[in-house]
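Listed below, chain by chain, are the residues.
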Amino acid sequence: MLFWHVPAPNEALLISGSKRRTGDAQFRIVTGHGCWVMPVKQKASVLALSLREAEISEDCVTQQGIRIGVRAVAVFKVGDDQTSIANAARRFLDEQATMEELVGRIFAGHLRSIVGGLTVEQIIRERDRVAQEVKEGSHSEMEKLGIVVDALQIQEIADTSGYITNLAAPHAAAVASAARIAQAKADQEATEREQQAAALKAEYERDTAIKRAGFLAETEQYNARAAQAGPLSQARASQEVIEEQTSLAQRQASLAAQRLEAEVRRPADAEAYRLRTLAEAQRDQVRFEADARAYTERAVAQARADANTALAGSLRDGNQELIAANRTIENLPALAKAAAEGLSGSRLTVLNGTDGVNEIASGIVGQGLAILDSLKAGTTTSGSTPPLADGAGPLPQKVTNLKRDDAGSSGSS
Amino acid sequence: MSATDDTDFSPIGVIGRVTVSIPTDGPGEVLLPVRGGSEAFAAWSREPISRHTQVIVVDHTSARSVIVAPLPA
């Protein structure tokens, strides 16, 4: 439409020539909607409300009198309210293109005052103070122009006098020192760890070597054992063989001994026994013969003594019968001797030992004595002892002893 | 008229937020919701108000200047 004008969201439509006006303004301000503009009668102009920026580069002196080069950017726009639009429209409507430069110059002066009210440290660190100073310094002037300052950013501070560098020097030195300390600590720690690691490594190497040696020793031990196994088993086998041979030899020896026992000793023993028995028998026989002979002689001697006694008695009495008896008596020893000789000469096996021999002998002698006693009983009247036949002195004593022995032995038998 | 209403706006009673802290002797800045957007106004106060505090506009001295008070909690 030709007469229907619509402003963009960032534009204000200024219509002059209209009777209808707002407040004291001599023109209509339309934002956000369209309106009719009568041709010839009315004139419509557009004021951009969009954001603009102005770059400022200025040498400034701070509160402390230090010269610094400041580069800043100011961001501003025409205010949205009616007063601001009216103010801006009256001032900049035809010079909208030069608005940035103009505002920039104004801000350059403001920047001086702003920086002059602050110290370098505040500029660097306190953004709030900078913003406050901007508001304080520029607000009334900007309001006159109908401009709103959105931001004044200090982009760069050129340190021509080296103040900031020096300002930062202690901190930088401290930071560098801290960095060096940290590096040294890290280095120390790293060295410590490295040493620990090396120590651990050495320890592990030692342990490994010990273990390896142990295993090697074990292996060698088993190898040696395995190598010895052959000869050992051979030796054991030969030992067993030797043992078997030994036992065989022992058995052979015992066999030989038994054979000797059976073949030699037993017969020898038997022979010795036989010889001993024979010798004993012979010895006994000799003794018995001697005993028998002794008895015989004793009996003969007794008989002779008795005969002499009887003879003497009979001679003393002159008894004829005694003389007759004397003959008998004279012959009695011979008789007894004969009997005894018969006994001793006989090769009797006497079973009853010495007693048997005595018995026999005493039996024989007893018979002779019985005969003698019967003769003696007949001659007791004479009372005298007969003269000894052979005149031997000590014989009667012996005879009486013999008689007593005989009496004892006969009494016992 | 609607056109007049659009540009002639009174921010009194609007609740905003402090973007530049307000000292006792100088202006700070408050961000106020205006016309569907938000605009920065120079702000004065009886007492210093720190940043990010919510304030209520009690008066306006010019088109871009307001007097605020801290919003009672």
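Residues numbered from 1 in each chain as written. Chains lettered and ligands numbered in written order. Predicted model: local features only at pLDDT ≥ 70, side-chain atom pairs only at ≥ 80, totals over all residues. Heavy atoms only, no water.

Draft legend 1. Region of interest: the overall build of chain A. Each helix and strand counted, chain A has 8 helices and 8 strands in total. Residue burial in chain A is summarised as follows: out of 413 residues, 29% are buried. Across chain A, every contact between residues at least 6 apart in sequence was considered, and the portion connecting residues at least 24 apart equals 74%. Summed over its atoms, the accessible surface of chain A is roughly 26,100 Å², and 55% of this surface lies on carbon and sulfur atoms. (Helix = DSSP H or I, 4+ residues; strand = E, 2+ residues; numbered from the N terminus. Buried < 20%, exposed > 50% of the residue type's maximum accessible area, 1.4 Å probe, protein only. Contact = heavy atoms within 4.5 Å. Areas by Shrake-Rupley, 256 points an atom, 1.4 Å probe, with all protein chains shown as cover.)

Draft legend 2. Representation of unusual backbone geometry within the structure. For V40 of chain A, which is not glycine, the phi dihedral falls at a positive 70°. Turning to its location among the elements, V40 of chain A is positioned in the loop between β4 (35-36) and β5 (43-48). Unusually for a residue other than glycine, H52 of chain B sits at a positive phi of about 65°. Within the fold, H52 of chain B resides in the loop between β3 (37-44) and β4 (54-62).

Draft legend 3. The arrangement of the sheet that holds β5 of chain A in detail. Residues and elements named next belong to chain A. Read from one edge to the other, the open sheet built from 3 strands follows the order β3-β2-β5, with strand pairing classed as antiparallel. Taken across any chain shown, the strands that pair with only one partner, and hence form the sheet edges, are β3 (27-30) and β5. Pairs of neighbouring strands in the sheet enclose a mean axial angle of 25°, with direction left out of account. Packing against the sheet, helix α1 (residues 82-92) makes contact with β2 (11-16), β3 and β5, and its axis sits at approximately 120° to β3. (Pairing = 2+ DSSP bridges. Axes fitted to C-alpha atoms, helices over the stretch in contact; angles between N-to-C directions.)

Draft legend 4. How the structure looks around the sheet that holds β4 of chain B. Read around the closed barrel, 5 strands run β1-β2-β3-β5-β4 (chain B), paired in mixed fashion. Here the average twist between neighbouring strands, direction ignored, is 55°. Across 3 bridges, strand β1 (residues 15-20) of chain B lies against β4 of chain B in antiparallel orientation. Bridge assignment links I15 of chain B to a residue of β4 of chain B, and that residue is I56 of chain B. Along the sheet, helix α4 (residues 127-145) of chain A makes contact with β1, β2 (28-34), β3, β4 and β5 (65-70) of chain B, crossing β1 of chain B at roughly 115°.

Draft legend 5. Local environment of the packing of aromatic side chains. Residue and element names in this part refer to chain A. The tally for this structure, following the rule as stated, stands at 1 aromatic pair over all chains. Centroid distance W4 to W36: 5.4 Å. Interplanar angle 65°. Geometry classified as edge-to-face. With W4 in strand β1 (residues 4-5) and W36 in strand β4, this pair connects stretches of sequence that are 32 residues apart. Since its relative accessible area comes to 37%, W4 is described here as partly exposed. The ring of Y222 carries the charged tip of R225 above its face, separated from the ring centre by 5.2 Å. (Phe/Tyr/Trp six-rings, centres within 6.5 Å; stacked < 30°, edge-to-face > 60°. Lys NZ or Arg CZ within 6 Å of the ring centre and 35° of its normal.)

Draft legend 6. Summary view of the layout of surface pockets. In this model, the largest pocket occupies a volume close to 470 Å³. In terms of lining residues, the largest pocket is bounded by 19 residues, among which R127, V130, A131, L152 and Q153 of chain A are the most central. At the level of elements, α3 (120-125), α4 and β8 (147-158) of chain A together with β1 of chain B are the ones that each hand at least two residues to the lining of the largest pocket. Ranked by residues supplied to the lining of the largest pocket, first place goes to β8 of chain A with 7 residues. Class assignment of the residues belonging to the lining of the largest pocket gives a composition of 11 nonpolar, 2 polar and 6 charged. (1 Å grid on protein atoms, 1.4 Å probe; cavity = no way out; pocket = protein on both sides within 12 Å on 5 of 7 lines; lining within 4 Å. Points joined across faces, edges and corners; volume = space filled by probe spheres on them. Nonpolar A, V, L, I, M, F, W, Y, C, P; charged D, E, K, R; others polar.)

Draft legend 7. Here's a closer look at the nonpolar core. Core analysis: the biggest nonpolar cluster contains 38 residues, and L47, F107, L111, I147 and L152 of chain A have the highest contact counts within it. Per-element tally for this core: the top contributor is helix α2 (residues 99-116) of chain A, with 7 residues. Non-local contacts of L152 of chain A, meaning those with residues more than four positions away in its chain, are made with I56, A72, V73, A74, F107, L111, I114 and V134 of chain A. Counting residues in each nonpolar core, the second largest holds 13 residues, with V14, L32, V34 and V57 of chain B among its members. (Core = buried A, V, L, I, M, F, W, Y, C linked by side-chain atoms within 4.5 Å.)

Draft legend 8. Region of the structure containing α2 of chain A. Residues and elements named next belong to chain A. Between its first and last C-alpha atoms α2 spans 25 Å; for 18 residues at 1.5 Å apiece the expected length is 26 Å, and the two agree. Those residues of α2 not exposed but buried are M99, V103, G104, F107, A108, H110, L111, I114 and V115. Buried residues along α2 sit in contact with β6 (52-61), β7 (67-78), α1, α3, α4 and β8. (Expected span 1.5 Å × (residues − 1).)

Draft legend 9. Main features of the packing of α1 of chain A against α4 of chain A. All names here are of chain A. Across the interface, α1 lies against α4 with an axial gap of 6 Å and an inter-helix angle of 70°. Here α4 runs roughly perpendicular to α1, going by the angle between their axes. Residues N87, A88, R91 and F92 of α1 form the contact with α4, whose participating residues are E143, K144 and L145. (Parallel < 35°, antiparallel > 145°, perpendicular 65-115°, else oblique.)

Draft legend 10. Expanded view of the pattern of salt bridges. For the coordinates displayed, the defined rule picks out 16 salt bridges over all chains. The shortest N-O distance in the salt bridge between D81 of chain A and R64 of chain B comes to 2.6 Å. With D81 of chain A in the loop between β7 and α1 and R64 of chain B in the loop between β4 and β5, the pair connects residues from two separate chains. A relative accessible area of 4% means that R64 of chain B is categorised as buried. (Salt bridge = Lys/Arg side-chain N within 4 Å of Asp/Glu carboxyl O.)

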